[in-house]
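Each chain is listed here by its residues.
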Amino acid sequence: MPGSETSSQTEGSRLRLSATAVAVLYPVVCLAPLVLAVMRDVAPPAPWEILAAGLGLVGLAIIAVQFVTSGRFEIVSGRLGIDRVMAFHKTAAWWALLALLFHPVAYTVPTWLADPELGSERLVAYLTLPHYRTGVIALAALALLVVGSALRNRLRLRYEIWRAAHIILAIVALGGGLHHAVSVGRFSATGPVSIYWWIVGAAVCAVVLVLYGVRWARLHLRPWRLASVTKLADRLWELDIEPAPGTPPLRYHAGQFVWMTEGARRFPLFDHPFSIAGNPARPGVRLIIKEAGDFTNGIGTLEPGTPIGIDGPFGHFTLEAHKSDGLLLIAGGVGIAPIIGILRDLVARGHEGPVRLAYAAGAPDNFVCLPEIAAAGKTLDLRTLLLSEAASSDWQGETGPLDRDRLATMLDGLEPARTVALMCGPGPMVTAVSDTLIDLGMPMDRVIYERFDYSEGASRLDRRMRRRFLMLGAVLLAGLGGFVALTA
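Residues numbered from 1 in each chain as written. Predicted model: local features only at pLDDT ≥ 70, side-chain atom pairs only at ≥ 80, totals over all residues. Heavy atoms only, no water.

Describe the overall build of the protein chain, listing the residues and the values that go with them.
Within the protein chain, the secondary structure is distributed over 14 helices and 12 strands. Compactness check: the protein chain gives a C-alpha radius of gyration of 25 Å against a globular reference of 23 Å for 488 residues, within 12% of the reference. In terms of principal-axis extent, the alpha carbons of the protein chain reach across some 80 × 50 × 40 Å. Expressed as a percentage of the 488 residues in the protein chain, the buried residues total 53%. Just so you have it, the protein chain exposes about 21,200 Å², and 63% of that area is on carbon and sulfur atoms. The centroid of the 44 positive side-chain charges in the protein chain is displaced by 5 Å from the centroid of its 41 negative side-chain charges. (Helix = DSSP H or I, 4+ residues; strand = E, 2+ residues; numbered from the N terminus. Rg over C-alpha atoms; globule rule 2.2 N^0.38 Å. Buried < 20%, exposed > 50% of the residue type's maximum accessible area, 1.4 Å probe, protein only. Areas by Shrake-Rupley, 256 points an atom, 1.4 Å probe, with all protein chains shown as cover. Lys, Arg positive; Asp, Glu negative; His and termini not counted. Charge placed at Lys NZ, Arg CZ, Asp CG, Glu CD.)

Kindly report on the sheet that holds strand E4 (residues 272–275), identifying the contributing residues and their values.
Reading across the sheet, the six strands line up as E4-E3-E6-E1-E2-E5 and stay open at both edges, with antiparallel pairing between neighbours. Two strands lie at the open edges of the sheet, namely E4 and strand E5 (285–290), each paired on one side alone. Going from strand to strand, the sheet's axes swing by 40° on average, the running direction of each strand aside. Pairing geometry for strand E3 (residues 257–262) and E4, over four bridges, is antiparallel. Within the sheet, the bridge partner assigned to Val 258 lies in E4 and is Phe 274. Sheet contacts for helix H9 (residues 191–221): E3 and strand E6 (307–314); angle to E6, the most-contacted strand, approximately 125°. Packed onto the sheet, helix H10 (residues 336–349) meets strand E2 (236–243), E4 and E5 and runs at close to 150° relative to E5. (Pairing = 2+ DSSP bridges. Axes fitted to C-alpha atoms, helices over the stretch in contact; angles between N-to-C directions. Contact = heavy atoms within 4.5 Å.)

Go over the sheet that holds strand E11 (residues 419–425), please, and point to the residues and values.
Strand order in the open sheet formed by six strands is E10-E9-E8-E7-E11-E12, and the pairing between neighbours is parallel. Among the strands making up the open sheet, the edge pair consists of strand E10 (398–399) and strand E12 (447–451). Strands in contact with helix H12 (residues 404–411) are strand E7 (326–332), strand E8 (354–361), strand E9 (381–388) and E10; relative to E9, the strand with the most contacts, it is inclined by about 165°.

So, a nonpolar patch on the surface: which residues are in play, and what are the values?
Taken together, Trp 94, Val 147, Leu 151, Leu 155, Leu 157 and Ile 161 make up a surface patch of nonpolar side chains, about 500 Å² in accessible area. Here Val 147 is to be found in helix H6 (residues 133–150). When its relative accessible area of 36% is taken as the criterion, Val 147 is described as partly exposed. (Patch = residues over 30% accessible without salt bridge, like charges linked within 9 Å, V, L, I, M, F, W, Y side chains within 5 Å. Salt bridge = Lys/Arg side-chain N within 4 Å of Asp/Glu carboxyl O.)

Which residues make up the nonpolar core, and what are the values?
Counting 58 residues, the largest nonpolar core has Tyr 26, Ile 62, Trp 95, Leu 142, Leu 174 and Trp 197 as its most contacted members. Those elements giving two or more residues to this core turn out to be helix H1 (19–38), helix H2 (47–66), helix H4 (82–114), H6, helix H8 (159–184), H9 and helix H14 (460–487). No other element matches the 12 residues that H2 contributes to this core. With residues up to four places along the chain from it excluded, the contact list for Trp 95 reads Tyr 26, Ile 62, Phe 88, Phe 469, Leu 472, Gly 473 and Leu 476. In this structure, Ile 288, Leu 319, Val 334 and Ile 340 belong to the second largest nonpolar core, which totals 34 residues. (Core = buried A, V, L, I, M, F, W, Y, C linked by side-chain atoms within 4.5 Å.)

So what about unusual backbone geometry? Which residues, and what values?
Here the bond from Gly 312 into Pro 313 is cis, since omega is 5°, no more than 30 degrees from zero. Here Pro 313 shows up in strand E6. The backbone phi angle of Arg 235 is positive, close to 60°, even though this residue is not glycine. By the secondary structure assignment, Arg 235 is in the loop between strand E1 (224–233) and E2. Judged by its relative accessible area of 37%, Arg 235 is partly exposed. If you check the backbone angles, Cys 369 has positive phi at about 65° while not being a glycine. If you trace the backbone, Cys 369 turns up in the loop between E8 and helix H11 (370–376).

I'd like a description of the packing of aromatic side chains, backed by residues and values.
Following the criterion strictly, the structure yields 13 aromatic pairs and no others. Judged by centre distance (5.3 Å) and plane angle (80°), the rings of Tyr 126 and Tyr 132 are edge-to-face. Relative to Phe 267, the ring of Tyr 212 lies with its centre 6.2 Å away and its plane at 35°, an arrangement referred to as tilted. Placement of the pair is Tyr 212 in helix H9 and Phe 267 in the loop between E3 and E4, with a sequence separation of 55 residues. The exposure class of Phe 267 is partly exposed, given its relative accessible area of 28%. Against the face of Trp 162 rests Arg 152, its NZ or CZ located 4.4 Å from the ring centre. (Phe/Tyr/Trp six-rings, centres within 6.5 Å; stacked < 30°, edge-to-face > 60°. Lys NZ or Arg CZ within 6 Å of the ring centre and 35° of its normal.)

Can you tell me about the pairing of E8, naming the residues and giving the values?
With respect to burial, E8 is a largely interior element, seven of its eight residues being buried. Looking at chain direction, E7 and E8 are connected through six bridges and run parallel. Following the sheet pairing, Leu 329 is matched in E8 by Leu 357. Handedness of the crossover is the feature at issue here: the chain leaves E7, passes through H10, returns alongside E8, and the resulting connection is right-handed. Sheet analysis places E8 next to E9, joined by eight bridges and oriented parallel. From the neighbouring strand, Pro 354 faces E9, where its bridge partner is Asp 381. You can see the chain leave E8, run along H11 and come back into E9, and the turn it takes is right-handed. (Right-handed = clockwise from strand over helix to strand, strands pointing away.)

Which residues make up the confidence of the model for the protein chain, and what are the values?
The pLDDT averaged across the protein chain works out to 89; a share of 95% of its residues lies at or above 70. Within the model, pLDDT remains below 50 along residues 1–13, and this stretch shows 71 contacts once partners closer than five positions in the same chain are excluded. (pLDDT = per-residue confidence, 0-100.)

Rendered as structure tokens:
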């Protein structure tokens, strides 16, 4: 996300489902094959076989839905926030893996109970007979995908290699699973469930075509050009990117982000997400990027005139999405990227409401845009706190963490229930500060954050999010239980 390697139009310009609508639609789509299977007239199976079939149906549906819960489709993620979308994407991947791991095991449970040795032989047969081979390949691909993603940082794979492996394994998992379902599935071989899987397969093909075909074409048909690269601080750069002749300007809201790629690598597989740091009134796009990975380590060497691919805008981290009387902006390190974009927008609009800015950096030399922030204070009702983690002989500002006392001072004069906090920074900072703001009386729904990556934290907001995920999982389990009860 903002200025680091970590996923369209403006707010309100296209359909964006609410969180409630997404939460309702998700189990509807995932449980649809069970509903259709109940209508299927098959030989009466045993309850364990029904459970096994149900696990396969739900697990396969979850895999299919994963293709649209990747943060790339604004109709799904536009009003949820990329943090929540990607956290759920990872959680649901584990649900699919567990369901499909227990799918063959459940078939063998009655045999295990009667004769453990025969149960083992039956399980081995399921995993080795040619009849079931595509299902086994799909399961292996899914296991590699989910476990590999969880261990990505330890594996130290290049970003592009990981993404390529991710999409290939996902396609293999779904393709193999669909073939397995329609070729050997008790409920899926014919009838409405089979039709459902053919529709799902066609829909996923269309999704992949949009993600890697249509978007590739747009990157080349609507090119951008790098106007300048400016070093702001150690390993921190600002890119000014302008639309090429014939390319329409990007309509976005301050705080959103884009996926960017450059030169001959203008293909969706090679793009990276960065927060927009510019003012939406300008025709170009400004990005503040930190050297933090394979791609960003060379960002300062890009030459002016380099062709740039821009895909976006995306994101829910905007003033338009979170109306308020007072505004608390909090930035940590390169998290200043979307925050300075919002501040620039406020200045351009002549915003009259109270604004508070807390900006923390690891060392005094790591602060950027300080003259611009100071100038903003002359036109806005702005109070600023600059906070360096490390002390320095020439640093006259404050040092230390953004603790409760400092946050309480920033909130002084603001009514917490009518204030929104927009925060971007590293995970530990986001976790600590969000909990402290809630302790100080801010409602959870008024604390909005984006992190440098999609790792989950341990704040109260994160725990509430996980509880909601568990509720969705419980709905899927209840649907599975109902399927067994109705079919047995």
